[in-house]
Amino acid sequence: MDFMTVLQILDSALRLATPLLFACLAGLFSERAGIFDIGLEGKILVSAFMAASVSALMMAYVDAPMPLCVPFTGACVEIAGGVPIAPIVFGVLAGMGASMVLALLHGVASITFRGNQLISGVAINFLASGITVIIGENWFSLGGRTPQLEGSARFQEITLPFAERVGNVPLFGPIYHELLSGHTLLVYIGLLAVFLTWWVLFRTRFGLRLRAVGENPESVDTAGVSVIRLRYTAVLICGLLCGLSGTYLATGLAAGFVKEMSAGRGFIALAALIFAKWRPGYALMACLLFGLLEAIGNRFQNIEIFGIQIPVQFMQALPYILTVVILAGFVGKAIPPRAGGEPYVKER
Amino acid sequence: MDRMPKWVDVALIPLINLFLALVVSGLVVLYIGEDPIRSMWIMVKGAVGSTYGWGYTIYYATNFIFTGLAVAVAFQAKLFNIGGEGQAAIGGLGVALVCLAIPWPHWALALPFAILGGAAFGAAWAAIPAFLQATRGSHIVITTIMFNFIASALMVYLLVNVLKPPGSMAPETARFPEGAFLPNAHDALGVIGLGFSRSTPANITFAVALICCLLVYVILWHTRLGYQIRAFGHSEPAAVYAGIPPVRITMITMLISGGLAGLMGINAVMGEAERLVTDPVQGAGFVGIAVALMGRSHPLGVLLAGLLFGMLYQGGGELEFEIPAISREMILVIQALVILFTGALDNMIRLPLQQLFLRLGKRAT
């Protein structure tokens with residue numbers, strides 16, 4: 001295996017790690033605030049669907065005039081000469097919005113009505129896999145897919161400055177040109193989000209309170225800070241980040257929505273979160289590792305290590321097996337936030 | 001505090017929740033421009049309007065009763081077994097291995113061994129998460145989710161590389177020997193002179209499911225073990241104080257739960273497909289969660305909710321056939337809403353009703 005192949009696999013690992021990373025950070029915010037979220041998968045799916053759908057619908061108005069009507073009044077204005085904003089912008093907003101609606105539902109169920117957070121998450125996953133197909137079929141009649149996205153309806157690859165010029169420099173050149181450059185904007189935002197998450201959680205007052213509410217909500221309440229409001233904020237941030245995960249999946253990694261396209265990524269992200277022991281820096285490592293496993297599995301159907309054939313199914317199952325091993329506490333124990341999963345009842 | 005009459009808890013609240021779920025689903029149907037009342041009628045007629053419909057309804061219901069009982073038993077010990085999907089798949093593997101082991105002379109001989117095989121494999125798949133929960137405190141929800149994915153990878157690997165007969169392309173086992181075919185509803189009811197559609201997958205496993213409901217009821221409410229399981233579920237510290245060993249109860253509960261999920265293989269693998277395919281469960285493991293919630297974790301409730309979901313699945317299939325604009329995924333939406341309203345948003349209905357009955361109770365005294 002030469003250097004270029006390694007770089008290509010790493011490049012693909014970075015791409016595949018990005019949706020996991022967003023979802024993992026999303027789960028980090030929610031679970032650090034004491035709200036378990038096994039509905040990451042469903043939120044990724046709806047945001048992928050809405051991002052692709054709205055992008056596809058707006059694609060028609062890039063050059064053609066778009067009528068804007070006020071509901072129930074019949075009053076219309078027309079944007080002559082087409083909408084001057086790229087369709088993908090609307091796609092991103094729709095993706096984040098859809099995911100936040102489901103996050104809010106999770107919040108209402110688990111914070112306001114003190115329901116079981118795990119059951120709520122299961123319901124959200126089913127809701128997402130059903131509703132995306134039904135609405136998708138109703139809007140596009142393409143058997144649950146959206147139309148193919150082109151041009152400004154999806155994220156374009158960005159070439160970092162001087163990438164072409166330094167390409168010939170030994171070692172560093174190819175790494176910069178092949179691995180770091182040439183990704184879509186969301187990949188870089190994802191890497192930035194890791195740092196931002198760390199900074200918010202560990203260097204701001206809000207972050208301290210958010211972590212406290214996941215460990216000991218009574219103390220936060222005693223200090224006069226609203227537990228309800230903090231938890232809702234955390235759940236909404238979780239929705240926003242999941243929205244970016246799904247948006248990247250449908251408009252960055254792929255060019256449109258396909259039925260069940262999240263394909264268990266929400267659960268791999270959950271696994272990565274446990275693997276990272278609820279810490280942002282480790283979350284990046286875990287997501288890159290799981291992205292790498294997927295990239296290797298995609299590239300090689302069979303892998304031989306020391307003369308033993310490793311089946312591709314084993315590679316697919318490896319993130320889950322590793323998570324169970326970590327959970328079992330044989331290799332460093334993963335201890336979740338203490339108040340996780342418990343609805344908070346204010347004392348009277 | 002909660003002085004509600006029993007019928008409110010076991011019947012009224014689930015029915016209100018079901019009604020809410022159907023209303024919201026109706027709104028979705030309305031949004032895509034179809035008539036919800038007509039859709040509902042087509043579903044009911046498709047599910048119970050003919051012996052053909054009943055045959056499929058019973059077949060689906062049998063699957064859901066097994067997985068529903070699995071979730072319900074675990075719920076009684078306050079364990080959330082979300083791994084019914086994987087346990088049922090591995091249980092199906094156990095059933096298939098038994099069926100393929102020898103050329104069975106008669107189904108009546110094969111069935112008990114297949115039951116043992118399915119239950120043992122399903123229980124074994126639940127054993128590792130149970131052990132980790134009991135001894136290392138690993139959250140059982142997460143480990144059972146992970147085990148679902150590991151099970152599905154394992155099934156694909158085994159079928160592609162090990163169990164596939166030589167020369168065959170499809171990732172499935174050879175067809176079972178004829179002696180392992182279970183009599184279907186047509187044959188079984190024909191013995192007592194009842195006519196039934198010939199072409200449905202409903203089979204004698206439904207009787208096994210009914211027996212399991214009864215057994216679970218007896219174990220939970222009429223044995224020492226059942227008392228221990230329920231006590232453990234109500235309050236772990238109190239149970240431990242009373243001398244109930246937590247590790248043992250967790251293990252036994254999860255083994256029963258996994259075994260019940262594994263029995264689903266009898267219906268889906270031995271009764272219907274008569275060979276093992278890569279995904280014999282088809283989401284029934286997750287439907288079990290909805291069934292257990294709806295049935296209030298009681299075997300009788302699980303039986304009724306299982307039948308209801310059987311009707312939903314069969315009726316949903318007919319609905320797609322009659323109104324192509326409503327795809328089969330509508331079932332998933334209804335299922336999600338039932339789980340949401342009965343499970344997560346339960347307090348939305350329960351608390352106001354509690355207030356109401358508290359006030360009524362005060363007025364009466």
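Okay, so let's go over this structure. Chains are numbered independently. Their residues run from 1 in the order of the written sequence. By the order in which they are written, chains take letters starting at A while ligands take numbers starting at 1. Owing to the predicted nature of the model, reporting of local features is limited to residues with pLDDT of at least 70; listing and counting of side-chain atom pairs is limited to 80 or more, with chain, interface and lining totals taken over all residues. Hydrogens and water molecules were not included; the side-chain quantities draw on all heavy atoms of the structure.

## Thoughts on the packing of helix 11 (residues 265–275) of chain A against helix 6 (residues 140–163) of chain B
Right, so step 1: Structural elements are reduced to axes, namely lines fitted to C-alpha atoms, with helices fitted over the stretch in contact, and the angle between N-to-C directions of any two is expressed from 0 to 180 degrees. What counts as a helix is a DSSP run of H or I of at least four residues, what counts as a strand is a run of E of at least two, and both are numbered from the N terminus. At a closest axis distance of 11 Å, the pairing of helix 11 of chain A and helix 6 of chain B adopts a crossing angle of 130 degrees. By the angle between their directions, the pair helix 11 of chain A and helix 6 of chain B is classed as oblique. As for how helix 11 of chain A packs across helix 6 of chain B, the hand of that crossing is left-handed. Residues Phe267, Leu270, Ala271 and Ile274 of chain A of helix 11 of chain A pack against Ile142, Ile145, Met146 and Phe149 of chain B of helix 6 of chain B.
Right, so step 2: Partitioned by chemical class, the residues of the contact of helix 11 of chain A with helix 6 of chain B number 8 nonpolar, no polar and no charged. Any angle between 65 and 115 degrees counts as roughly perpendicular, while under 35 counts as roughly parallel, over 145 as roughly antiparallel, and the rest as oblique. Note: crossing handedness is left-handed where the near helix turns anticlockwise from the far helix by less than a right angle, and right-handed where it turns clockwise. Any two residues whose heavy atoms approach within 4.5 Å are treated as being in contact. Under the scheme applied, nonpolar residues are Ala, Val, Leu, Ile, Met, Phe, Trp, Tyr, Cys and Pro; charged residues are Asp, Glu, Lys and Arg; polar residues are all the others, including Gly.

## Points about unusual backbone geometry
All names here are of chain A.
Right, so step 1: The backbone phi angle of Arg114 is positive, close to 50 degrees, even though this residue is not glycine.
Right, so step 2: Looking at where Arg114 falls in the secondary structure, it is placed in the loop between helix 3 (87–112) and helix 4 (117–140).
Right, so step 3: One non-glycine residue with positive phi stands out, namely Glu260, at about 55 degrees.
Right, so step 4: Locating Glu260 in the fold gives a position in the loop between helix 10 (227–253) and helix 11.

## A few points about the packing of helix 8 (residues 205–215) of chain A against helix 10 of chain A
Residues and elements named next belong to chain A.
Right, so step 1: It is at 10 Å that the axes of helix 8 and helix 10 come closest, and there the two elements cross at 100 degrees. As far as their axial angle goes, helix 10 and helix 8 are roughly perpendicular. In contact with Phe206, Arg209, Leu210 and Val213 of helix 8, helix 10 contributes Val227, Leu230, Arg231, Thr233, Ala234 and Ile237.
Right, so step 2: In terms of residue class, the contact of helix 8 with helix 10 is made up of 7 nonpolar, 1 polar and 2 charged.

## Re the interface of chain B and chain A
Right, so step 1: Every contact between the two is made by 40 residues of chain B and, on the other side, 42 residues of chain A.
Right, so step 2: As a working definition, buried area equals the accessible area (1.4 Å probe) given up by two parts on being put together, with both sides summed. When the buried area of chain B at its contact with chain A is split by residue, Arg136, Met146 and Phe149 of chain B rank highest and sum to 16% of it.
Right, so step 3: In the sections that follow, a salt bridge refers to a side-chain nitrogen of Lys or Arg positioned within 4 Å of a carboxyl oxygen of Asp or Glu. Here chain B and chain A share 1 salt bridge between them.
Right, so step 4: With a closest N to O distance of 3.2 Å, Lys259 of chain A and Glu329 of chain B form a salt bridge.
Right, so step 5: We define a polar contact as two N or O atoms separated by no more than 3.5 Å, with the added condition that, inside protein, one atom must be a possible hydrogen donor and the other a possible acceptor, whereas residues neighbouring each other in sequence contribute only through side-chain atom pairs. At the boundary of chain B and chain A, one finds 5 residue pairs in polar contact (both at pLDDT 80 or more).

## Topic: the pairing of strand 1 (residues 66–69) of chain A
Sheet faces and side chains relate simply in a regular strand, where the side chains alternate between the two faces.
Residue and element names in this part refer to chain A.
Right, so step 1: At least two DSSP bridges between two strands are needed for those strands to be called paired. Examined bridge by bridge, strand 1 and strand 2 (residues 76–79) share 4 bridges and lie antiparallel to one another. In the strand pairing of strand 2, Leu68 is matched with Val77.
Right, so step 2: Hairpin connection, strand 1 to strand 2: the antiparallel pair is bridged by 6 residues, and Phe72 has positive phi, about 70 degrees.

## Observations regarding the pattern of salt bridges
Residues and elements named next belong to chain B.
Right, so step 1: For the structure on display, the rule yields 12 salt bridges over all chains.
Right, so step 2: A salt bridge links Glu172 to Arg275; the nearest nitrogen and oxygen atoms lie 3.3 Å apart. You can see Glu172 sitting in the loop between helix 6 and helix 7 (185–191) and its partner Arg275 sitting in the loop between helix 11 (246–273) and helix 12 (284–294), a full 103 residues away along the chain.
Right, so step 3: Overall, the relative accessible area of 25% leaves Arg275 in the partly exposed class.
Right, so step 4: Among the ionic contacts, a cluster of salt bridges with common partners joins Asp9, Arg296, Asp346 and Arg350. Here the term buried applies to any residue with accessible area under 20% of the maximum for its type, exposed to any over 50%, and partly exposed to those in between, with areas from a 1.4 Å probe on protein chains only.

## Comments concerning the environment of Val247 of chain B
Residue and element names in this part refer to chain B.
Right, so step 1: As for its position among the elements, Val247 is in helix 11.
Right, so step 2: A relative accessible area of 37% means that Val247 is categorised as partly exposed.
Right, so step 3: Discounting chain neighbours no more than four positions away, the residues touching Val247 are Ala134 and Thr135.

## Points about helix 8 of chain A
An α-helix turns once every 3.6 residues. As a result, residues three or four positions apart point the same way.
All names here are of chain A.
Right, so step 1: The set of residues buried in helix 8 consists of Gly207, Leu210, Val213 and Gly214. Taken down its axis, helix 8 places every buried residue within 125 degrees of arc, on the same side. Exposed and facing more than 90 degrees away from the buried side of helix 8 are Arg205 and Leu208.
Right, so step 2: In this structure, the buried residues of helix 8 make contact with helix 1 (3–32), helix 7 (185–203), helix 9 (217–222) and helix 10. Arc definition: it is the arc formed by the directions from the helix axis to the C-beta atoms.

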